[in-house]
Amino acid sequence: SAPDTAIDINKVVADIVRLFRDSRFLPPSVQILAVVPDEPSEIIGTTGVVKQIFVNLIKNSVEALPQGGRIEIINNGTTQRGGAGIAPGFVFQLQ
């Protein structure tokens, strides 16, 4: 398997949203929106795995919206100080 590297999550989200918008999988009744900061938001991981996570989340969201709707992926770009069982670091929020 590929080694973990620094990945700009904003670029991954933009690429996946573009893929869905250009595909036949996204019905016209479903809108998809990505709200990400202009500056990179890096996480450590494997690009293919992170992309697959977003593909699965979006596919599941589309299937859960048979009447149509809106999918929003929002990166609030916050930093977590840490706490009970939570390591300090970058926090990504998916809505």
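Residues numbered from 1 in each chain as written. Predicted model: local features only at pLDDT ≥ 70, side-chain atom pairs only at ≥ 80, totals over all residues. Heavy atoms only, no water.

Undergrad: Run through helix H2 (residues 47-63), naming residues and quoting values.
TA: In this model, H2 (17 residues) spans 24 Å end to end at C-alpha, consistent with the 24 Å of a helix rising 1.5 Å per residue. For H2, every residue scored as buried is listed here: Val 50, Phe 54, Val 55, Ile 58 and Val 62. Down the axis of H2, the buried side of the element spans an arc of 140°, and every buried residue falls inside it. For H2, the exposed residues set more than 90 degrees away from the buried face come down to Val 49 and Glu 63. (Helix = DSSP H or I, 4+ residues; strand = E, 2+ residues; numbered from the N terminus. Expected span 1.5 Å × (residues − 1). Buried < 20%, exposed > 50% of the residue type's maximum accessible area, 1.4 Å probe, protein only. Arc of directions from axis to C-beta.)

Undergrad: Which residues make up the nonpolar core, and what values go with them?
TA: Counting residues in hydrophobic clusters, the biggest one holds 17 residues, and the most contacted among them are Ile 16, Phe 54 and Ile 58. Only helix H1 (9-21), strand S2 (30-35), H2 and strand S4 (69-74) provide two or more residues apiece to this core. At six residues, H1 tops the list of elements feeding residues into this core. Aside from chain neighbours lying at most four places away, what touches Ile 58 is Ile 16, Phe 20, Ile 32, Ile 71 and Ile 73. (Core = buried A, V, L, I, M, F, W, Y, C linked by side-chain atoms within 4.5 Å. Contact = heavy atoms within 4.5 Å.)

Undergrad: Describe the side chain of Thr 46, with residues and values.
TA: Inspection of the secondary structure puts Thr 46 in the loop between strand S3 (42-45) and H2. Its relative accessible area of 18% is what places Thr 46 among the buried residues. Here Thr 46 is in contact with Ala 2, Pro 3, Asp 4 and Ile 7, once residues within four sequence places are set aside.

Undergrad: Describe the pattern of salt bridges, naming the residues involved and giving the relevant values.
TA: Oppositely charged side chains can pair when the atoms bearing their charge come close. One pass over the full model with this rule turns up three salt bridges. With its nearest N and O atoms 2.9 Å apart, the salt bridge here joins Asp 15 to Lys 11. Here the residue Asp 15 and the residue Lys 11 both occupy positions in helix H1, the gap between them amounting to four residues, near one helical turn. The salt bridge partner of Asp 15 is Arg 18, with a shortest N-O separation of 3.1 Å. Note that Asp 15 and Arg 18 are positioned in helix H1 at a spacing of three residues, about one turn of the helix. Using a relative accessible area of 22% as the deciding quantity, one classes Asp 15 as partly exposed. For Arg 18, a relative accessible area of 45% puts it in the partly exposed group. A single network of salt bridges, built from pairs that share partners, joins Lys 11, Asp 15 and Arg 18. (Salt bridge = Lys/Arg side-chain N within 4 Å of Asp/Glu carboxyl O.)

Undergrad: Got a sec to walk through a nonpolar patch on the surface? Specific residues and values, please.
TA: A cluster of nonpolar side chains, contributed by Val 49, Ile 53 and Leu 57, occupies part of the molecular surface with about 250 Å² of accessible area. In this fold, Leu 57 is placed in helix H2. Using a relative accessible area of 36% as the deciding quantity, one classes Leu 57 as partly exposed. (Patch = residues over 30% accessible without salt bridge, like charges linked within 9 Å, V, L, I, M, F, W, Y side chains within 5 Å. Areas by Shrake-Rupley, 256 points an atom, 1.4 Å probe, with all protein chains shown as cover.)

Undergrad: Quick one: what's the story with the confidence of the model for the chain, residue by residue and with numbers?
TA: Atomic detail in the predicted coordinates should be set aside for any region of low pLDDT. Across the chain, the average pLDDT comes to 84, with 79% of residues at 70 or higher. Mean pLDDT in the chain bottoms out at strand S5 (residues 78-80), which sits at 60, and peaks at H2, which reaches 93. (pLDDT = per-residue confidence, 0-100.)

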